[in-house]
Amino acid sequence: MCGIVAYVGPKQAYPILIKGLYRLEYRGYDSAGIAILNGDIKLYKTKGKVLELENFVKDKDVEGTIGIAHTRWATHGEPNDANAHPHFSNSKKLAIIHNGIIENYATLREELLTRGYVFRSNTDTEVLVHLIEDIRINEKVDLVKAVQLALNQVIGAYAIVIISKEDPDLLIAARKGSPLVIGIGENETFVASDATPIVEYTKNVVYLNDEEIAIIRRGEKLKIKTIKDINKTPYIHKLEVNLSAIEKGGFDHFMLKEIYEQPRSIGDCMRGRLNTEQGIVSLGGILDYVERIKNAERIIIIACGTSWHAGLVGEYLFEELARIPVEVEYASEFRYRNPVIRENDVVIAISQSGETADTLAAIELAKSKGATIIGICNVVGSSIPRTTHAGSYTHAGPEIGVASTKAFTAQVTILTLMALMIADKKGSISKSRYHQIINELEMIPSKVEKTLKVNDEIIRIAKLFKDSRNFLYLGRGLNFPVALEGALKLKEISYIHAEGYPAAEMKHGPIALIDEEMPVVVIATNQGVYEKIISNIEEVKARKGKIIAIVTEGDKSVRNIADYVIEIPDTDELLVPLLATIPLQLLSYHIAVLRGCNIDQPRNLAKSVTVE
Ligand code: G6P
């Protein structure tokens, strides 16, 4: 969603803010703005990317040591200069940046209109800054109190930062439902939507909780109060992220860097959790909940987007290994359909960002019905791990490219470890099968490394199909979610229409689309339903479709009938998604590059969707 960064300290704010915006641009990139306080509030904002903002302010006065900045992903009001943040209050004494949605903005706006407030934008954010100003003046209270009172009237989600001309050493930040991290440096303080703009200055951070307000005054210690005026102690956490993890490191795009990081990220995900010599799989974060999971009547996996696809892989793994029935739900559907949730259900919530609004709301619903909630998240300290009963971090490192790659394979890795751990404890897997899988799992990072060697072959195929208007992706069993994920990746970054289907289901509809123009990507590795998938390929060939097949090294049967063949190393059937996904990520990446698309910031998308 939107990116927020703010600074107060001895240094010039502008260079820190603009660099912070570049680091946060993956969160939203339709407009950007900055406000610096130095006597007056100097506010500059413009439609477009951060680069456009930087060009726009080149000859402007950006002197000052306190300021706020924002990069936007539009919710209320189209992306234009007026709707860009920051927003001034009527008197121009206050400026605000905001991430989230004020749901009762229309009522508040009407009331403010009758009181003579003039609106310069169509945003819900402007309503909030006027409301704060109105309360401050009419109730004759200081700014902190006015923010508290205003936020008590607000329904919805927010992460905000405010500066005031009348109190030039003060930054006020508050959150509900949208993340905010406060970086504590030497006599300087940073506020941001995530740690990426902060990490190069300090490793000491405080995560703001819902309905908390941070009062950040130059030269003073951070104070935190709730919107109900209860004092809170700020707890300092140590960031473990390094600067190199959030830079491109020689790659053209973050997405490519993140694809190539997968041997490492999968390895990091398993580190300390998988010990093949002793035959142990142990996820420390769920140890206290193993009995609960083992005895669960049902597991419900909730997630959105790519994480939902990982959940589908998890369904196969848990059912196959732990013999527990699994349902996989879109969080957005689950939360609004009065689902049957029982106390001995275990809910697994999967999220890269740990901030997805629908997933958070679904968790709250399941929690209120007594279910045990286990989180699988990538961003340490984010909202989901803080609201779940237990969970495991994926440790994939920061994922900056909007299209998720390494987070997906890390989620699948955790699900594999979790299913194995539970199966072992439950006795639903034979010892020999258990050892067979964990030994194979240990080899996955090196096999991913080997899989990445298909890159040149993929570039050749991408050149042939870059102008296709549609793609079909087919897979069966565990490779069905892989097909869905492959199609999603292509859609997201190349804007080519793509659909993923269970291969056998193709004849119930998509087969009507197949002609000589239609590329069909089939994941046809040599396990389980191999013979069946060969029949599905024949069905496509009979209608002149072009087959791009992902096969197991040394495969002959598919090679004879497919138009193009990409080999991946042989592995256990249950681990194939960890390898088969890689060529599909590369295919969508290269097609998008050849089409001149913006890889890391595809149109209309946001990395972390903190609104429903
Ligand atoms: C957005 C991102 C996707 C991601 C989805 C769920 O749509 O663009 O890449 O899969 O949100 O996000 P989460 O952080 O919960 O995994």
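Caption draft 1: A look at the pattern of salt bridges. Taken as a whole, this structure holds 40 salt bridges when the rule is applied. Where aspartate 167 meets arginine 217, a salt bridge forms, and the shortest distance between an N and an O atom there is 2.8 Å. Note that aspartate 167 is positioned in strand β8 (residues 167–176) and arginine 217 in strand β12 (residues 212–217), a separation of 50 residues in sequence. You can call aspartate 167 partly exposed: its relative accessible area is 22%. Between arginine 264 and aspartate 268 there is a salt bridge whose closest N-O contact spans 2.3 Å. In this pair, arginine 264 and aspartate 268 both sit in helix α7 (residues 262–270), four residues apart, roughly one turn of the helix. Residue classification places arginine 264 among the partly exposed residues on the basis of a relative accessible area of 35%. Among the charged side chains, a network of salt bridges with common partners joins Lys257, Glu261, Arg264, Asp268, Arg271 and Lys406.

Caption draft 2: Quick look at the packing of helix α9 (residues 305–322) against helix α17 (residues 479–494). The interhelical angle for the contact between α9 and α17, taken along N-to-C directions, is 170 degrees, at an axis separation of 9 Å. In terms of axis orientation, α9 runs roughly antiparallel to α17. Residues Gly305, Thr306, Trp308, His309, Leu312, Val313 and Tyr316 of α9 form the contact with α17, whose participating residues are Phe480, Pro481, Leu484, Glu485, Leu488 and Lys489.

Caption draft 3: Geometry of the nonpolar core. Core analysis: the biggest nonpolar cluster contains 94 residues, and Phe318, Ile348, Phe471 and Tyr473 have the highest contact counts within it. The leading source of residues in this core is helix α13 (residues 406–426), at 12 residues. Residues in contact with isoleucine 348, not counting those within four places in the same chain, are Ile299, Ile300, Ile301, Ile302, Phe318, Ile374, Ile376 and Met418. Counting residues in each nonpolar core, the second largest holds 33 residues, with Tyr26, Ala192, Val205 and Phe254 among its members.

Caption draft 4: Just helix α15 (residues 444–451), in detail. Every buried residue of α15 is accounted for by Ile444, Pro445, Lys447, Val448 and Thr451. Buried residues of α15, seen end-on, are gathered within an arc of 160 degrees and therefore sit on one face of the element. In this structure, the buried residues of α15 make contact with α7, α14 (431–442), β27 (564–568) and α20 (576–594).

Caption draft 5: Focus on the sheet that holds strand β1 (residues 3–8). Sheet architecture is open: eight strands sit in the order β3-β2-β4-β1-β10-β9-β11-β15, paired in antiparallel fashion. Sheet topology places β3 (40–47) and β15 (237–238) at the edges, where each strand pairs with a single neighbour. In this structure, β1 lies alongside strand β10 (residues 189–192), joined through four bridges in antiparallel fashion. In the strand pairing of β10, alanine 6 is matched with valine 191. Lying over the sheet, helix α1 (residues 13–24) contacts β1, β2 (31–38), β4 (66–72) and β10, oriented at roughly 160 degrees with respect to β1.

Caption draft 6: Seen up close, the site of the ligand. Near the ligand you find 13 residues, and of these Ser307, Ser351, Gln352, Ser353 and Thr356 are the closest. Here an oxygen atom of the ligand and a side-chain polar atom of serine 307 are 2.5 Å apart. At a separation of 2.6 Å, an oxygen atom of the ligand approaches a polar side-chain atom of serine 353. Calculation on the ligand without its partners gives an accessible area of 390 Å², and the protein chains cover 90% of this total. Counting residues per element, the shell around the ligand draws most heavily on α9, at three residues. Class assignment of the residues belonging to the shell around the ligand gives a composition of four nonpolar, eight polar and one charged.

What counts, and at which threshold
Residues numbered from 1 in each chain as written. Predicted model: local features only at pLDDT ≥ 70, side-chain atom pairs only at ≥ 80, totals over all residues. Heavy atoms only, no water. Salt bridge = Lys/Arg side-chain N within 4 Å of Asp/Glu carboxyl O. Helix = DSSP H or I, 4+ residues; strand = E, 2+ residues; numbered from the N terminus. Buried < 20%, exposed > 50% of the residue type's maximum accessible area, 1.4 Å probe, protein only. Axes fitted to C-alpha atoms, helices over the stretch in contact; angles between N-to-C directions. Parallel < 35°, antiparallel > 145°, perpendicular 65-115°, else oblique. Contact = heavy atoms within 4.5 Å. Core = buried A, V, L, I, M, F, W, Y, C linked by side-chain atoms within 4.5 Å. Arc of directions from axis to C-beta. Pairing = 2+ DSSP bridges. Near = heavy atom within 4 Å. Polar contact = N/O pair within 3.5 Å; in protein donor to acceptor, adjacent residues only side chain to side chain. Areas by Shrake-Rupley, 256 points an atom, 1.4 Å probe, with all protein chains shown as cover. Nonpolar A, V, L, I, M, F, W, Y, C, P; charged D, E, K, R; others polar.

Function-wise, these values are silent; they only describe arrangement.
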